[in-house]
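# Structural characterization, general
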Amino acid sequence: MKAGPEVGDNYLVARAREGYLDAYEMLVQRHSAMAYRVALRLCGNHHDAQDIAQEALIAAWENLDRFKAESSFSTWLYQIVTRRALNKVTRGRRRDLTDLLDDAVDPGTEPAVQAERNLAVDAVTDALAALPFPQRTVVVLHHFEGLSYAEVGEVTHSSVPAVRSHLFRARRTLGKQLEEWR
Amino acid sequence: MNEPTADGQAAAHLLSAVTLPCGAEIDPLLEQVADGHAAELDAHQRECVHCQAAIAEFTALWAPVTETAATSVPAPPGLTAAVMSQIRVMIRDVWYTLQTTELGAIRIAARIVAALARDSARLVPGVRVALGRSSHGKMAALAEEATFRHRHPHAAVGVLGRTAIVDLAVAVSYGDPVREVARDIQRHVIRTLREDVGLKTVVVNVTVDDVIIDEEP
């Protein structure tokens, strides 16, 4: 049987609401990487990111009846993940910034190139962590997740001009951080 | 960290300014580069050395962000399983079939019956997606009603005996005869549950609620 990408998220959400746990499992399979990736980039360490992703996916299931079909399931999940990441970040300090993307090492890459890439990733991670949380969020959603300004506005409950303004400030700050690394 | 370079000082100067000597604003230029449009120069930029230099400088500055963003970040192994396991605990899915043999009792959780029914339905030609449920709806209601007076002492909620009602939601391929596919599902699932689980009375309710159209190759 060919399954998965052939049915839309809205179909699976509707079935999950009716009690079909399979349907929610398919949604989790589709979106768990996104939940983890965004949490990792917002909070900067693997352990918190895993907790946030897990909590967010369970919270989404618990609140499926509140999900409004006018937005996409992924947008709704972005909202839950960013809110939980904010709670986590404001509760505790980052434990370890160096493990961002550790799982993503390409085994075929030359060691010297990999070392350089890790340095770049570390530099970006540090620069992201130095941003105020609202600016970090818009950078992660727009530049890392590829969401449009309008979609970022939907996730963050902000207007498009506000998103653009946050991005202007965030890019300058990121740029200054990165030029010190170069 | 590397020492600041001449390039870095140039970028620092640019990032502290509002406009270039030509009057172009810094923020839209940085936005153009960060959004991956550095090569799409407008009429002014094609003639302006200040803009071209700034775009080149920002492209080098932003490269680590682009590289990091393009790096795949897979979900940790076991994340989906951990989420679903926790949800199953929350549902407290404790409905069971019960069969008594000469060797003792066999209980099979209703969610397993639902999973077997779902997997069985997925093997029927024309079925693209099949979802089974056991913890909500008719099956749970029937189990509660039917077993209220004779619950198994080790089952927290109730047992189904050798009777099962399974709800299946399926999506079928466009063009296949829906009624025939649905009947095939019923026959196939009933046979599977009788033969593999040992259920005696099986009712399979099939809801076809989506039709999938194949995309052109």
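Note that the structure is a prediction, hence the values are computed from the model and not measured. (Residues numbered from 1 in each chain as written. Chains lettered and ligands numbered in written order. Predicted model: local features only at pLDDT ≥ 70, side-chain atom pairs only at ≥ 80, totals over all residues. Heavy atoms only, no water.)

Now for the overall build of chain B. Looking only at helices and strands, one finds eight helices and six strands in chain B. From first element to last, N terminus to C terminus, chain B shows the α and β order α-α-α-α-α-β-β-α-β-α-β-β-α-β. Within chain B, residue pairs in contact and separated by at least 24 positions form 64% of the contacts whose partners lie at least 6 positions apart. As displayed, chain B has an accessible area near 11,700 Å², and 53% of this comes from carbon and sulfur atoms. (Helix = DSSP H or I, 4+ residues; strand = E, 2+ residues; numbered from the N terminus. Contact = heavy atoms within 4.5 Å. Areas by Shrake-Rupley, 256 points an atom, 1.4 Å probe, with all protein chains shown as cover.)

Before going further, it helps to examine a nonpolar patch on the surface. A cluster of nonpolar side chains, contributed by B:Y174, B:V211 and B:I213, occupies part of the molecular surface with about 340 Å² of accessible area. Among the secondary structure elements, B:I213 is positioned in the segment after β6 (201-212). (Patch = residues over 30% accessible without salt bridge, like charges linked within 9 Å, V, L, I, M, F, W, Y side chains within 5 Å. Salt bridge = Lys/Arg side-chain N within 4 Å of Asp/Glu carboxyl O.)

What follows covers the pattern of salt bridges. The tally for this structure, following the rule as stated, stands at 10 salt bridges over all chains. Salt-bridge contacts for A:D22 lead to B:R118; the nearest nitrogen and oxygen are separated by 2.6 Å. Of the two residues, A:D22 is situated in helix α2 (residues 21-43) and B:R118 in helix α6 (residues 110-122); the pairing between them involves two chains. Residue classification places A:D22 among the buried residues on the basis of a relative accessible area of 9%. With a relative accessible area of 14%, B:R118 lands in the buried category. Residue B:D27 pairs with A:R172 through a salt bridge whose shortest N-O separation is 2.9 Å. Within this pair, whereas B:D27 is found in helix α2 (residues 26-34), its partner A:R172 is found in helix α8 (residues 160-181), the two belonging to separate chains. Given the relative accessible area of 17%, B:D27 is considered buried. A single salt-bridge network, built from bridges that share partners, covers A:D22, B:R118, B:D119 and B:R122. (Buried < 20%, exposed > 50% of the residue type's maximum accessible area, 1.4 Å probe, protein only.)

Moving on, we get to the interface of chain B and chain A. By a widespread convention, an interface's size corresponds to the accessible area lost as its parts come together. The interface of chain B with chain A comprises 65 residues on the first partner and 55 residues on the second. Together chain B and chain A conceal approximately 5,500 Å² of surface at their shared face, both sides included; 64% is due to carbon and sulfur atoms. Here chain B and chain A share four salt bridges between them. At the surface where chain B touches chain A, the tally comes to 11 residue pairs in polar contact (both at pLDDT 80 or more). Broken down by secondary-structure element, the contributors of at least two residues to the side of chain B that touches chain A are α1 (6-16), α2, α4 (49-70), α5 (79-91), α6, β3 (127-133), β5 (163-173) and β6 of chain B. When the residues that make up the side of chain B that touches chain A are grouped by side-chain class, the tally is 38 nonpolar, 12 polar and 15 charged. (Buried area = accessible area lost by both parts, 1.4 Å probe. Polar contact = N/O pair within 3.5 Å; in protein donor to acceptor, adjacent residues only side chain to side chain. Nonpolar A, V, L, I, M, F, W, Y, C, P; charged D, E, K, R; others polar.)

A few words now on the packing of aromatic side chains. Residue and element names in this part refer to chain A. Summed over the entire model, instances satisfying the criterion amount to three aromatic pairs over all chains. Grouped by ring-pair contacts, the aromatic residues F67, F73 and W76 constitute a single cluster. Of note, R15 hangs over the ring of Y11, and the distance from its end group to the ring centre comes to 5.0 Å. (Phe/Tyr/Trp six-rings, centres within 6.5 Å; stacked < 30°, edge-to-face > 60°. Lys NZ or Arg CZ within 6 Å of the ring centre and 35° of its normal.)

This brings us to the nonpolar core. Judged by nonpolar contacts, the single largest core of 89 residues is most densely connected at A:Y24, A:F73 and B:F58. In terms of residues, this core owes the most to one element, α2(A), which gives 14 residues. With residues near it in sequence (within four places) discarded, A:Y24 still touches A:A16, A:L57, A:A60, A:W61, A:L64, A:F73, B:M84 and B:I87. Ranked by size, the runner-up nonpolar core spans 20 residues in total, among them B:A121, B:V127, B:I185 and B:V197. (Core = buried A, V, L, I, M, F, W, Y, C linked by side-chain atoms within 4.5 Å.)

Limitation: the analysis is restricted to geometry and does not speak to function.
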